[in-house]
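Coordinate inspection notes
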Amino acid sequence: MTFDKILQYQKIDQELLALENEVAKSPAWQKVALAKNKLGAATTSLNQIKTEATDLLGSYNAMKSKIDALKAELDEFDGILDDVQDVGEAEHYLKLVTAIADKIAALEKEANVADSKIDQIGDSYKKTFEQGVKANDNLNTAKAEYNVYVRDMQPKVASIREQLAELKKEIPENVMKVYQTLRSAKKMPAFVEYDPNRKMCGRCFMEVPNDVCSKLRNPGDYAECPNCRRVLFVPQK
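Here is a short report on the structure shown in this document.

**Focus on the overall build of the protein chain**
In terms of regular secondary structure, the protein chain is built from 6 helices and 3 strands. Beginning at the N terminus, the succession of helices and strands in the protein chain can be written as α-α-α-α-α-β-α-β-β. By the compact-globule yardstick of 18 Å for 237 residues, the protein chain is too spread out, its C-alpha radius of gyration being 38 Å. Principal-axis analysis of the C-alpha atoms places the extent of the protein chain at approximately 125 × 45 × 25 Å. Evaluated residue by residue, the protein chain yields a buried proportion of 28% over its 237 residues. For the protein chain, the accessible area works out to roughly 15800 Å², and carbon and sulfur atoms hold 51% of it.

In structure tokens:
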């Protein structure tokens, strides 16, 4: 088997990979990534604040309902003590009234704390929302800059893709499939020249077992490296 076309394809494709890596490491993309992270963090915080506020408001409303119910119960004792003649009975009612009043006082204290916390959560939500708006504006600005950067690279990228498309027509489908699989796995170069004298993979530099070596004796022979899974081939002389 000859490998001139797939090697040519691989060489040109590596130029494309280099451009992709350049884009991924570019300041323009870093700005986009940073703005995305900040917007994501603000969105997560807002959702957490909403959940906390909902739970706290539910607890606050439940406490208010309990307070109203206790106050209604306390109102039922109005005038009762005036008609009580027995000291023991009076003490009994007084204990009940005192217990209800203590419960109301405790709930009102707890409700005041919750009310104050609700205000704090509101302030926190407002501040975080403003941060989210700013992060979103920054993201839009970063995206615009990134799009300009990418647009300037498009002619070069388009030229490379055109060359690859033409070469692909001359490469067997099964060979192309193997190449694309290795490329997706970030195992580049995918096709590696093998030296029968060294009996070593030219990429991972691991020793090749004898059973694989036996398949790589003559020009045009090829086999998969059992260590890195790249395709080893013996070049034509």
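**Focus: the nonpolar core**
Judged by nonpolar contacts, the single largest core of 29 residues is most densely connected at I6, Y9, Y179 and F191. When contributions to this core are tallied by element, the ones reaching two or more residues are helix 1 (4–25), helix 2 (27–75), helix 4 (87–168), helix 5 (173–184) and strand 3 (231–233). No other element matches helix 4, which puts 8 residues into this core. When sequence neighbours within four positions are dropped, the list of residues in contact with Y9 reads L164, L167, K168, I171, M176, Y179 and Q180.

**Let's talk about the pattern of salt bridges**
Applying the stated criterion across every chain yields a total of 8 salt bridges. Between K5 and E170 there is a salt bridge, with its nearest N and O atoms 3.2 Å apart. Placement of the pair is K5 in helix 1 and E170 in the loop between helix 4 and helix 5, with a sequence separation of 165 residues. Relative accessible area serves as the criterion here: at 28%, K5 is assigned to the partly exposed category. Given a relative accessible area of 47%, E170 falls into the partly exposed group. Between E20 and R183 there is a salt bridge, and its shortest N-O distance comes to 3.8 Å. Here E20 is found in helix 1, whereas its partner R183 is found in helix 5, with 163 residues between them in sequence.

**Some remarks on the packing of helix 1 against helix 5**
Close contact between helix 1 and helix 5 brings their axes to 12 Å; oriented N to C, the two are set at 25°. When the interaxial angle is binned, helix 1 and helix 5 end up roughly parallel. For the element pair helix 1 and helix 5, the recorded crossing hand is right-handed. For the pair helix 1 and helix 5, contact is made by I6, Y9, Q10, D13, L16, L17 and E20 and by V175, M176, Y179, Q180 and R183, respectively. Classifying every residue of the contact of helix 1 with helix 5 by side-chain character gives 7 nonpolar, 2 polar and 3 charged.

**Quick word on the sheet that holds strand 1 (residues 191–193)**
Pairing within the open sheet is mixed, and its 3 strands lie in the order 1-3-2. Edge strands, defined here as strands with exactly one partner in the open sheet, are strand 1 and strand 2 (222–224). In this sheet, neighbouring strand axes are inclined to one another by 30° on average, regardless of whether the strands run parallel or antiparallel. With 3 bridges connecting them, strand 2 and strand 3 associate as antiparallel partners. By the bridge assignment, E224 is partnered in strand 3 with V231.

**So, the side chain of Q10**
Relative to the elements of secondary structure, Q10 occurs in helix 1. In this structure, Q10 is in contact with Y179, M188, P189, A190 and F191, ignoring residues within four places of it in sequence.

**Quick notes on the packing of aromatic side chains**
Scanning all chains against the criterion turns up 7 aromatic pairs. Considering the side-chain rings of W29 and Y146, the 5.3 Å spacing of their centres and the 55° angle between planes classify their relative orientation as tilted. Taken as a pair, W29 in helix 2 and Y146 in helix 4 lie far apart in primary sequence, 117 residues in all. Exposure remark for W29: the relative accessible area of 27% places this residue in the partly exposed category.

Conventions we followed
- Residues numbered from 1 in each chain as written.
- Predicted model: local features only at pLDDT ≥ 70, side-chain atom pairs only at ≥ 80, totals over all residues.
- Heavy atoms only, no water.
- Helix = DSSP H or I, 4+ residues; strand = E, 2+ residues; numbered from the N terminus.
- Rg over C-alpha atoms; globule rule 2.2 N^0.38 Å.
- Buried < 20%, exposed > 50% of the residue type's maximum accessible area, 1.4 Å probe, protein only.
- Areas by Shrake-Rupley, 256 points an atom, 1.4 Å probe, with all protein chains shown as cover.
- Core = buried A, V, L, I, M, F, W, Y, C linked by side-chain atoms within 4.5 Å.
- Contact = heavy atoms within 4.5 Å.
- Salt bridge = Lys/Arg side-chain N within 4 Å of Asp/Glu carboxyl O.
- Axes fitted to C-alpha atoms, helices over the stretch in contact; angles between N-to-C directions.
- Parallel < 35°, antiparallel > 145°, perpendicular 65-115°, else oblique.
- Left-handed = near helix turned anticlockwise from the far one by under 90°.
- Nonpolar A, V, L, I, M, F, W, Y, C, P; charged D, E, K, R; others polar.
- Pairing = 2+ DSSP bridges.
- Phe/Tyr/Trp six-rings, centres within 6.5 Å; stacked < 30°, edge-to-face > 60°.

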